[in-house]
Amino acid sequence: MAAIGDQGGRRIAIIGAGFSGSLLALHLLRRCRPEDRIYLVERNQNFGRGLAYATGNPNHLLNVRAGNMSAFPDEPDHFVHWLQALPAEQRAEIGEAGASTFVPRRVYGNYIQNLLGDRIWREGQSRNLFLLTDEAVALHRDAGGLSLELAVGRRYSIDHAALAVGNFPPTATASGYFGDPWNPGCLENLAPDAPVLILGTGLTFIDTILSLLDRDHTGKIHALSRRGLLPRVHAAVSAPWKYEAPPSGQNLLKLLREVRAIARTTEETGAGWRAAIDGLRPHTQRLWQEMSLGERARFLRHLRPWWDVHRHRAAPQVMARVEAAIAAGQVEIIKGRIGETTRLDEASLVHINLRGDSGIRELVVDRVVDCSGPRSDATRLDQKLMRHLLETGQVRPDPLRLGIDVDRQGQVIDAEGKVAPDLHAIGPITKGTFWEIIAVPDLRLACANLAARLLRS
Ligand SMILES: Cc1cc2nc3c(=O)[nH]c(=O)nc-3n(C[C@H](O)[C@H](O)[C@H](O)COP(=O)(O)OP(=O)(O)OC[C@H]3O[C@@H](n4cnc5c(N)ncnc54)[C@H](O)[C@@H]3O)c2cc1C
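In this text, all values refer to a predicted model and were calculated from it rather than measured experimentally.

Focus: the overall build of the protein chain
Along its length, the protein chain carries 13 helices and 16 strands. For the protein chain, whose C-alpha radius of gyration is 23 Å, the value lies close to the compact-globule estimate of 23 Å for 457 residues. In terms of overall dimensions, the protein chain has C-alpha extents of about 65 × 60 × 55 Å along its principal axes. For the protein chain, the residues scored as buried account for 54% of the 457 residues in total. The contacts in the protein chain between residues at least 6 apart in sequence include a share of 70% that link residues at least 24 apart. Accessible area of the protein chain: about 20,800 Å², with a carbon and sulfur share of 50%. The protein chain carries 56 positive and 51 negative side-chain charges, and their two centres are separated by 4 Å.

Let's talk about the nonpolar core
The biggest cluster of nonpolar side chains holds 78 residues, and the ones touching the most others in it are Phe79, Leu83, Tyr108, Leu163 and Ile404. When residues no more than four places from it in sequence are discounted, the contact partners of Ile404 are Leu163, Ala378, Met386, Val395, Arg396, Pro397, Asp398, Val412, Ala425 and Ile429. Listed in part, the 27 residues of the second largest apolar core include Val196, Leu212, Leu230 and Met319.

Section: the pattern of salt bridges
Side chains bearing opposite charge may pair, as long as their charged atoms lie close to each other. By the definition in use, this model includes 23 salt bridges. When the shortest N-O distance is used, the salt bridge between Arg106 and Glu93 registers 2.9 Å. Of this pair, Arg106 sits in helix α4 (residues 105-122) while Glu93 sits in the loop between α3 (88-91) and α4, placing them 13 residues apart in sequence. Take Arg106: its relative accessible area is 28%, and that puts it in the partly exposed class.

What to know about a positive patch on the surface
On the surface, Arg226, Lys335, Arg337 and Arg355 cluster together into a patch of positive charge. Tracing the backbone through its elements, the reader meets Lys335 in strand β11 (residues 331-343). Given a relative accessible area of 46%, Lys335 falls into the partly exposed group.

Looking at unusual backbone geometry
Positive phi values are uncommon outside glycine, yet Asn189 reaches one of about 55°. Tracing the chain through its elements places Asn189 in the loop between β8 (177-178) and β9 (196-199). In this model, Asp357 sits at a positive phi of 50°, which is unusual for a non-glycine residue. Among the structural elements, Asp357 can be located in the loop between β12 (348-354) and β13 (360-365). Asp357 sits in the exposed class, given a relative accessible area of 80%.

What about the domain arrangement of the protein chain?
Segmenting the protein chain into domains produces domain 1 (11-60 + 104-169 + 376-456), domain 2 (177-232 + 314-370) and domain 3 (252-311). Put simply, the middle of domain 1 and the middle of domain 2, counted by C-alpha atoms, are 33 Å apart. At the junction of the two partners, domain 1 supplies five residues and domain 2 supplies seven residues. Roughly 510 Å² of surface becomes buried between domain 1 and domain 2 when both sides are summed, with 44% attributable to carbon and sulfur atoms. Among the residues of domain 1 in contact with domain 2, Leu51, Asn59 and His60 are the three that bury the most area, contributing 74% of the side total. The interface formed by domain 1 and domain 2 holds one salt bridge in total. With its nearest N and O atoms 2.7 Å apart, the salt bridge here joins Asp207 to Arg105. Across the contact surface, domain 1 and domain 2 share five residue pairs in polar contact (both at pLDDT 80 or more).

The rules behind the values
- Residues numbered from 1 in each chain as written.
- Predicted model: local features only at pLDDT ≥ 70, side-chain atom pairs only at ≥ 80, totals over all residues.
- Heavy atoms only, no water.
- Helix = DSSP H or I, 4+ residues; strand = E, 2+ residues; numbered from the N terminus.
- Rg over C-alpha atoms; globule rule 2.2 N^0.38 Å.
- Buried < 20%, exposed > 50% of the residue type's maximum accessible area, 1.4 Å probe, protein only.
- Contact = heavy atoms within 4.5 Å.
- Areas by Shrake-Rupley, 256 points an atom, 1.4 Å probe, with all protein chains shown as cover.
- Lys, Arg positive; Asp, Glu negative; His and termini not counted.
- Charge placed at Lys NZ, Arg CZ, Asp CG, Glu CD.
- Core = buried A, V, L, I, M, F, W, Y, C linked by side-chain atoms within 4.5 Å.
- Salt bridge = Lys/Arg side-chain N within 4 Å of Asp/Glu carboxyl O.
- Patch = residues over 30% accessible without salt bridge, like charges linked within 9 Å, V, L, I, M, F, W, Y side chains within 5 Å.
- Domains from an automatic or database assignment.
- Buried area = accessible area lost by both parts, 1.4 Å probe.
- Polar contact = N/O pair within 3.5 Å; in protein donor to acceptor, adjacent residues only side chain to side chain.

See below:
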């Protein structure tokens, strides 16, 4: 089959146009040559939003302050300035548009879409950027070089491909069980007084509680997780602790003791424990990379739930609503694991194995919504492109099944352990190598670096 894209210039395909893919495209557009072509492929209509910023609910807020959400690491105030330049009627939804504001996530999606739109319409870069609304299903390597195949069957000759496929979709939905909490349909046709069970008590649980409260849901909401830990709340900004001697990741227990000691100090000085956690940020990727595989596995098993709730905090106004619903008894947090589930006529009978051998509890709920977070094991994913890449040995899962294996530059490592110079990955699927690579402040840097490397190549 003849492939499109043989007219000269560099040809780069970016698969996935959530935050990472869109930002990578923006960075490439800033410095590409007139004859270069960037194919940005997205299976949804919503370029620039991805999973995180597609929500239409204005109460679903960013969990990072506006001042730290600029798309460009070298222009830290870019997002705040963009907010402040919005017409008054659009700013009404945000309130005070300052650096410490927690903005609705859909507004952030508008920001990224707007940046893409500006490049195409205002800067006239439609000759460089091609938005392809389709699913990427395969990458072929033959005598003609590398080519990308889309679901419609069209092929594009390319020089490089960047996988920006993001968070793997949650599990499938079955009768009474909703595996995709981000699908607005998951709360449709739910009686206002119906009992609901939410699996997980993290940030996605909070989104779902807010959506239920916004619908005036009065029914009981049970939320289940192994430890029943809730995300901590953001407090007034205080400067991150400056670790004088950069901590080492070689001994997890020692690291834990060190961070706890710093947190005690910052509590005593009034800066609060958050300063100790935030101060780790510049070191986190290195700490992860210094850990042996065994230490990383130990971290995931024992420390991850604690790390997640302290590191990924919720906006105060959001958490206040959730805490009020808990105090009123509408939301109940249960510690345990889900056991056998039986579908009754209109409801589900769920057995819960309570934590610490405290027995089994039975719940009858109308709906179970799985908010335990996106999946990360590529081998269990029912998605054409990833299946194809695994089957053809172009990618392999990382040892801890957090995504796919990449080197420290984000270049994909194939099934034989060789680095593919023309295949790159960015975003949550690279967690196995970087760990801290899911939030905007880390992703924007990774995008800028990858764009620079691609343009040099
Ligand atoms: C609910 C939620 C809220 C979050 N809130 C914040 C926040 O407030 N602040 C923050 O810093 N971070 C937040 N994050 C972290 C988030 O992971 C990043 O901010 C960022 O959005 C990740 O973007 P991404 O493009 O890598 O992945 P995604 O957003 O998952 O985008 C990947 C895109 O690739 C597309 N795609 C996948 N496979 C294919 C294919 N084969 N062909 C074509 N298209 C494909 C998908 O349709 C999707 O649009 C949040 C994450 C979630 C899930």
